[in-house]
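Residue-level listing of the chains:
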Amino acid sequence: MSQDTGKPSAAMEASVREAIQTFESMLEVFPEDLNALESLVAAYHQTGDREKLARHGRSLLQLLATGGDWQRIGEIAASILEIFPDDPFFRGMLEKARDQLGVEAFGPVDNKDAAAKEAEAQTTDAAAKKDKSGKKDRDSFVTRAIPAQELGFDLRGELDLAYHLLTREIINQNHYETAIDRLTESSLNSRNESPLCFLQELREMERLDIDRIIDFLAADSGVPFIELSRCECQEAAYRLMPVMLAKRLGILPFDHLGEDLMVAILNPASKDLRDRIVRHFGGKVHFFFTAPDEFAAAITKIQDIIAKAGGGAL
């Protein structure tokens, strides 16, 4: 086994540079693409390009501010302030995020902060219960999700998964580069209905033991593995997302227990993905990792059910 020096290899740096070129090209066509902007900010943070980090960071925070995503604004501003500790713009955005959230967030957490967060959580939970007006399972779930654009494709999370598998020597450099190229191409092709998932790209490659990769992720990620073929996906859960969006993003709400939602994902390594899913659906979410074949079969079954029922707004 090769020794990990902690420094990125020349091939890894080349892959990051290639990803940067892809994101820059995407922004030329879609200048307000939040996912591309956020991935660029992360890439320039990694490469140490201070000028472009600051420029794209400002654009990203301004766009997020128009959508009112103060949680994400605070997280990104705090990260960039590690590089530019005295920058008035990023410091101002961090303070605005703290004001909007009503807590001293994005900094050292003391007892006062913890109490404030707990009080906020209890207030939100109480308001949610009051808003139900006695409605049970299905109706309360249908009204939980906030606008779907918050769950866009996050290439950065897939790149993180790819890098994790590479550094743990579960895949080799050729697997890594080939799958990244395919994933990047798929993300630019709006007509492609395959899941935008690094694991799916690996699944399509010949002479690759996908079961070994799935076994590793199931043990390594801490996210329980589930065979969706053994489950009966519940309409009250899967109707929370348009089925084609669920297929594209590799995210499937498939069941619920009371007010708790069960969600299957194809990327168990990304905590940021799970955080965004929780913000999207609200309430308590339980995550389960599943294999690409299991996911595809569940989606196909749901599509068949919808078709037999005459379609609908799923």
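Above: the structure in question.
Residues numbered from 1 in each chain as written. Predicted model: local features only at pLDDT ≥ 70, side-chain atom pairs only at ≥ 80, totals over all residues. Heavy atoms only, no water.

Peer 1: Which residues make up the sheet that holds strand β3 (residues 285–289), and what values go with them?
Peer 2: With respect to topology, three strands assemble into an open sheet ordered β1-β2-β3, the strand pairing being mixed. Of all strands in the sheet, those with a lone pairing partner are β1 (251–257) and β3, marking the two edges. Ignoring strand direction, the axes of neighbouring strands in this sheet form an average angle of 25 degrees. Here five bridges tie strand β2 (residues 260–265) to β3, and the two strands are oriented parallel to one another. If you follow M262 over to β3, its bridge partner there is H286. Against the sheet, helix α15 (residues 292–308) touches β1 and β2, its axis set at about 75 degrees to β1. (Pairing = 2+ DSSP bridges. Helix = DSSP H or I, 4+ residues; strand = E, 2+ residues; numbered from the N terminus. Axes fitted to C-alpha atoms, helices over the stretch in contact; angles between N-to-C directions. Contact = heavy atoms within 4.5 Å.)

Peer 1: Any chance you could break down a negative patch on the surface for me, citing the residues and the numbers?
Peer 2: Judged by side-chain charge, E18, E177, D181 and E185 come together as a negatively charged surface patch. Ranked by residues supplied to the negative patch, first place goes to helix α9 (residues 173–188) with three residues. With respect to the helices, strands and loops of the structure, E18 is situated in helix α1 (residues 10–29). (Patch = residues over 30% accessible without salt bridge, like charges linked within 9 Å, V, L, I, M, F, W, Y side chains within 5 Å. Areas by Shrake-Rupley, 256 points an atom, 1.4 Å probe, with all protein chains shown as cover. Salt bridge = Lys/Arg side-chain N within 4 Å of Asp/Glu carboxyl O. Lys, Arg positive; Asp, Glu negative; His and termini not counted. Charge placed at Lys NZ, Arg CZ, Asp CG, Glu CD.)

Peer 1: Run through the packing of aromatic side chains, naming residues and quoting values.
Peer 2: Under the defined criterion, the tally for this structure stands at four aromatic pairs. Taking 5.3 Å as the distance between ring centres and 80 degrees as the angle between the ring planes, the aromatic pair formed by F89 and F90 counts as edge-to-face. Residue classification places F90 among the buried positions, given a relative accessible area of 0%. Here F225 and F289 contribute two aromatic rings whose centre-to-centre distance is 5.6 Å and whose plane-to-plane angle is 70 degrees, an arrangement assigned as edge-to-face. (Phe/Tyr/Trp six-rings, centres within 6.5 Å; stacked < 30°, edge-to-face > 60°. Buried < 20%, exposed > 50% of the residue type's maximum accessible area, 1.4 Å probe, protein only.)

Peer 1: Residue-level account of the pattern of salt bridges, with values.
Peer 2: Within this structure, the stated rule accounts for twelve salt bridges. E206 serves as the salt-bridge partner of R207, at 3.8 Å between the closest nitrogen and oxygen. Assessed through its relative accessible area of 78%, R207 is described here as exposed. Its salt-bridge partner being K271, residue D275 comes within 3.0 Å of it at the nearest N-O pair. Of this pair, D275 and K271 are both found in helix α14 (residues 271–281), four residues apart, which corresponds to roughly one turn of the helix.

Peer 1: Account for unusual backbone geometry, naming residues and giving values.
Peer 2: What you tend to see is this: most non-glycine residues have negative phi, and most peptide bonds are trans. Residues other than glycine seldom take positive phi values, yet E169 does so here, at roughly 60 degrees. Among the structural elements, E169 can be located in the loop between α8 (155–167) and α9. With a phi close to 55 degrees, R207 is a non-glycine residue in the positive phi region. Position of R207 relative to the elements: it lies in the loop between α10 (198–203) and α11 (210–220).

Peer 1: Describe in detail the environment of P253, supporting the description with residues and values.
Peer 2: Note on placement: P253 falls in strand β1. Not counting residues within four places of it along the chain, the set of residues in contact with P253 comprises A237, Y238, L240, M241, L261, M262, V263 and F281.

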